[in-house]
Amino acid sequence: MAGRINDDDVKVVRDAVPIDTVVSEYLQLRPAGGGNMKGLCPFHDEKSPSFQVSPSKGLFHCFGCQEGGDTIAFVMKIDHLSFSETVERLAAKAGITLRYEEGGYNPTHQRGERIRLVEAHKAAADFYVEQLGGEEAAIGRKFLAERGFDQSAAEHFGVGYSPAGWDHLTRFLRGKGFSDKELLLAGLSQDGRRGPIDRFRGRLMWPIRDISGEVVGFGARKLRDDDNGPKYLNTPDTAIYKKSQVLYGVDLAKKDIAKASRAVVVEGYTDVMACHLAGITTAIATCGTAFGTDHIKILRRLLMDNGSARVIFTFDGDAAGQKAALRAFEDDQKFAAETYIAIAPDGMDPCELRLNKGDAAVQELVEPRTPLFEFAIRQIVSRYDLETPAGRASALDEAGPIVARIKNGASQHEVAVQLAGILGILDTQFVVKRVAQMARWARDRGGRGPAGPASSSSSSASSSSYDSGQSPALSGPALNLRSPAHRTERELLKLALQRPELVSPAFDAYGVDEFTAPPYAAVRRAVEDAGGAEQGIDSATDYLTRVRESAPNDAVRAMVTELAVEVFHTKTGRPIDEVYAGLHLVAVRLRAVDARIKDITGTLARLSTGTDRERHAAVESESWVLQQYRQSLLNNGAAAL
């Protein structure tokens, strides 16, 4: 039975690894105000950033899809790990040794599967690097040298060599404690006649890392004529490697991509190396597959979709390269960035260009030249005889729908005008109207589907989700934020979670029934069950963890996280201080007092017709006390609490 990680160690790991540092490995973060950071959510597609991170509280929350939690929850979800795998991974990153209960710690049996596969790849990468210096690998070193890569370049990219024997790596990893099953699951070995053998043999090896920098697979280049395998052999899809979801070089390029708002997409491992060595440190490549939707998602999170973002594709000038460019254009509208294509003279790839003409030629190549849409249109139009009316009409029929797919109306009009020029049609307005008509037809056929529940601004969870322990059917709270009462209650709860020193001890005397929105009442209860807001004065992180753990279900837990990271809705320049806190404490209490006075007034009206004078006198007395308290709140503010 696997040992449970010691609770104190989990806390140490949670505190030791800053959440903004972890999240920044997957997406670009920018200041959001109030000490928070924001970025494009990695858990759903969005055009503007609604994903917020609070470094001081160690929490994240997406106001679009309602995902939220701490550092551990983020890594669990984005990398599909179990709780223990996540803690182990973060502990390794922070250099923390974990203690295990229920029988101690056996690293062979108690590490999660994903972590074991990653560790196997790390050991394999080190093994291959060491082999590159051996006599057998001379052919590999020659291959690199012929392409302008010296030993330091190989070391920078972790290039290695897989021995030509049947099971050199398999035996090496067995000696490191990995089982045959793990090696097969990792894709490092494959079944042979007498047991597992190495998948990669006699090849130059490039480690493929995920965005966090962990080795999850390999790309292997054939070196010998007697190798009957493909020119490039990649790791098969495994639990940690999906070729459609990784970009070679992204671990090295991600910071510069975010900083420069530019990415250069090339076709191969040596092209990435050539670009980086030439100073184009934003270059990345796919791993044996076409550039697709999942790759776009990775880049969008790094580019943050600002108006100046650029993506430059460099494809070979041959037919295959042109076909790849057209495939890339099919997904062009999924980018908010401007997309371009760069094709080197004589059809050379970046590696060949650097070797023949130097670094400056590579740098010049990737300067934005031809917009991708223009390239795609010209490729289509080139198949027709534009000297004839029939040829121009046919070209318009095929190229028009491509322009019609451009969602931005102004851009669509501009490109339609350019299309008219390319086709040689003098009546520009005819082409513009024709493209607009094609766009309408596409929408009528369902090109623009109805918005799903998650995208609807009115989507909400039922109040029962916060009372019954059931998860909400739809994302978003059952709240009306136009209601002054709900807005005030929300701000007060944010104060209790984010700035408890400003509202405690007064807040802890507030009843759950003083919060009229069921989600807010549930959060108030969670704060109470965690020991009250006063618990957060000394240790904000521990306090928020206890409040989240006290939540009865995921819906309430998500609301706690949301309120803990949301910025305060103050007027510009207004400080979050005791005055601000007092205003909200008084407003919530005053509304509760008014509600009670209203109830009592109705009770007095009913009792006035009866004979229970004692009951009438008691209620009348309570009404008088409440009226006096109300007046004191109005006159003295928070001092009356």
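Above this text you will find the structure in question.
Keep in mind the model is a prediction, meaning the values are calculated, not measured.

Chemist: What is the right way to look at the pairing of strand β3 (residues 51–54) in this model?
Modeler: Two faces belong to every sheet, and in a regular strand the side chains alternate between them. Going residue by residue along β3, you find Phe 51 and Val 53 tucked away on one face and Gln 52 and Ser 54 tucked away on the opposite face as well. Hairpin remark: β3 followed by strand β4 (residues 59–62), antiparallel, with four residues in the connecting loop; positive phi at Gly 58, about 70°.

Chemist: Please clarify how the sheet that holds β3 should be interpreted in this entry.
Modeler: By definition, the strands of a sheet pair up through backbone hydrogen bonds, in either a parallel or an antiparallel sense. Across the sheet, which stays open at both edges, the five strands sit in the order β1-β2-β3-β4-β5 with antiparallel pairing between neighbours. Two strands in the sheet have a free side with no partner beyond their single neighbour: β1 (30–33) and β5 (68–70). In this sheet, neighbouring strand axes are inclined to one another by 25° on average, regardless of whether the strands run parallel or antiparallel. In the sheet, β3 pairs with β4 via four bridges, with the strands oriented antiparallel. Counted as the bridge partner of Phe 51 is Cys 62 from β4.

Chemist: How do you make sense of the sheet that holds strand β14 (residues 310–314) when you look at a structure like this?
Modeler: Taken together, five strands build an open sheet; the order of strands is β13-β12-β14-β15-β16 and the sheet is mixed. Every other strand in the sheet has two partners, leaving β13 (283–285) and β16 (370–371) as the edge strands with one partner each. For β14 and strand β15 (residues 338–342), the ladder comprises five bridges, and the chain directions are parallel. Among the inter-strand pairings, Val 311 is bridged to a residue of β15, identified as Thr 339. Packing of helix α13 (residues 293–303) onto the sheet brings it into contact with β12 (262–266), β13 and β14, and relative to β12 it is tilted by some 155°.

Chemist: Mind showing me how you'd approach empty space enclosed by the protein here?
Modeler: In this approach the atoms are scanned with a rolling probe the size of a water molecule, which exposes any empty space left behind. Taken as a whole, this structure holds three cavities of 30 Å³ or more when the rule is applied. Forming the walls of the largest cavity are His 156, Phe 157, Pro 207, Arg 209, Tyr 248, Gly 249, Asp 251 and Leu 252. When contributions to the lining of the largest cavity are tallied by element, the ones reaching two or more residues are α8 (151–157), β9 (203–209) and α11 (250–260). Its residues assigned to classes, the lining of the largest cavity shows four nonpolar, two polar and two charged. In this model, the second largest cavity occupies a volume close to 40 Å³. Along its surface, the second largest cavity is lined by Val 22, Glu 25, Tyr 26, Val 75, Arg 89, Leu 90 and Lys 93. Ranked by residue count, the leading element in the lining of the second largest cavity is helix α4 (residues 83–94), at three residues. Taken together, the residues that form the lining of the second largest cavity break down as four nonpolar, no polar and three charged.

Chemist: How should I be thinking about the nonpolar core in this particular structure?
Modeler: Within soluble globular proteins, side chains that are nonpolar generally end up buried alongside one another. Formed by 62 residues in total, the largest nonpolar core has its most connected members in Leu 144, Trp 206 and Phe 218. Not counting residues within four places of it along the chain, the set of residues in contact with Trp 206 comprises Phe 143, Leu 144, Val 159, Gly 217, Phe 218, Gly 219, Arg 221, Tyr 232, Tyr 248, Tyr 269, Thr 270 and Met 273. Val 53, Tyr 100, Ala 253 and Val 311 belong to the second-largest nonpolar core, a separate cluster that totals 49 residues.

Chemist: In this structure, what is going on with the state of the cysteines? I would like to understand it.
Modeler: Put plainly, a disulfide is one covalent bond tying together the sulfur atoms of two cysteines. In total, this model carries zero disulfides according to the counting rule given. Lacking any disulfide linkage, Cys 62 is separated from the closest cysteine sulfur, that of Cys 41, by 3.6 Å. The closest cysteine sulfur to the non-disulfide-bonded Cys 275 is located on Cys 351, 9.4 Å from its own sulfur.

Chemist: Could you clarify how one ought to interpret the packing of helix α24 (residues 518–529) against helix α26 (residues 554–565) in this entry?
Modeler: Geometrically, a packed helix pair is captured by the angle between its two axes and the distance between the axes. Interaxial distance between α24 and α26 falls to 9 Å at its minimum, and their mutual angle equals 85°. Comparing the axis directions of α24 and α26 gives the class roughly perpendicular. Where α24 approaches α26, its residues Pro 519, Tyr 520, Ala 522 and Val 523 are matched on the opposing element by Val 556, Met 559, Val 560 and Leu 563. Residue classes in the contact of α24 with α26 are distributed as eight nonpolar, no polar and no charged.

Chemist: What is the right way to look at unusual backbone geometry in this model?
Modeler: Most peptide bonds take the trans configuration, and most residues that are not glycine carry a negative phi. Looking along the chain, the bond that leaves Ser 504 and enters Pro 505 is cis, with omega of 10°. Counting through the fold element by element, Pro 505 comes out in the loop between α23 (500–503) and α24. Despite not being glycine, Gln 66 shows a phi value in the positive range, around 70°. Within the secondary structure layout, Gln 66 lies in the loop between β4 and β5.

Chemist: I'm lost on α4 in this one. Help?
Modeler: Note that an α-helix has 3.6 residues per turn; residues three or four places apart therefore point the same way. With twelve residues, α4 should cover 16 Å at 1.5 Å per step; its first-to-last C-alpha distance of 17 Å lies within 8% of that length. Among the residues making up α4, those that are buried are Glu 85, Thr 86, Val 87, Glu 88, Arg 89, Leu 90 and Ala 91. Backbone geometry just downstream of α4 places Gly 95 in the positive-phi region, at approximately 70°.

Chemist: Sorry, what's going on with the environment of Gly 219 here?
Modeler: Mapped onto the elements of the fold, Gly 219 is located in strand β10 (residues 215–222). For the pair Gly 219 and Phe 200, spaced 19 residues apart in sequence, the C-alpha to C-alpha distance is 9.2 Å. Residues contacting Gly 219, with those up to four places away along its chain left out, are Leu 204, Met 205, Trp 206, Ile 208, Leu 233, Asn 234 and Tyr 269.

Chemist: What should I look at first to understand the packing of aromatic side chains in this one?
Modeler: For any two aromatic rings, the description comes down to two numbers: the centre-to-centre distance and the angle of the planes. For the structure on display, the rule yields 18 aromatic pairs. Centre to centre, the rings of Phe 291 and Phe 313 are 5.2 Å apart; their planes meet at 85°, and the pair counts as edge-to-face. Separated by 22 residues along the polypeptide, Phe 291 in the loop between β13 and α13 and Phe 313 in strand β14 bring together distant segments of the chain. You'll find Phe 291 and Phe 313 in the same group, each marked buried. Just above the ring of Phe 43 sits the side chain of Lys 77; from NZ or CZ to the centre is 5.4 Å.

Cut-off values and rules
Residues numbered from 1 in each chain as written. Predicted model: local features only at pLDDT ≥ 70, side-chain atom pairs only at ≥ 80, totals over all residues. Heavy atoms only, no water. Buried < 20%, exposed > 50% of the residue type's maximum accessible area, 1.4 Å probe, protein only. Helix = DSSP H or I, 4+ residues; strand = E, 2+ residues; numbered from the N terminus. Pairing = 2+ DSSP bridges. Axes fitted to C-alpha atoms, helices over the stretch in contact; angles between N-to-C directions. Contact = heavy atoms within 4.5 Å. 1 Å grid on protein atoms, 1.4 Å probe; cavity = no way out; pocket = protein on both sides within 12 Å on 5 of 7 lines; lining within 4 Å. Points joined across faces, edges and corners; volume = space filled by probe spheres on them. Nonpolar A, V, L, I, M, F, W, Y, C, P; charged D, E, K, R; others polar. Core = buried A, V, L, I, M, F, W, Y, C linked by side-chain atoms within 4.5 Å. Disulfide = S-S within 2.5 Å. Parallel < 35°, antiparallel > 145°, perpendicular 65-115°, else oblique. Expected span 1.5 Å × (residues − 1). Phe/Tyr/Trp six-rings, centres within 6.5 Å; stacked < 30°, edge-to-face > 60°. Lys NZ or Arg CZ within 6 Å of the ring centre and 35° of its normal.

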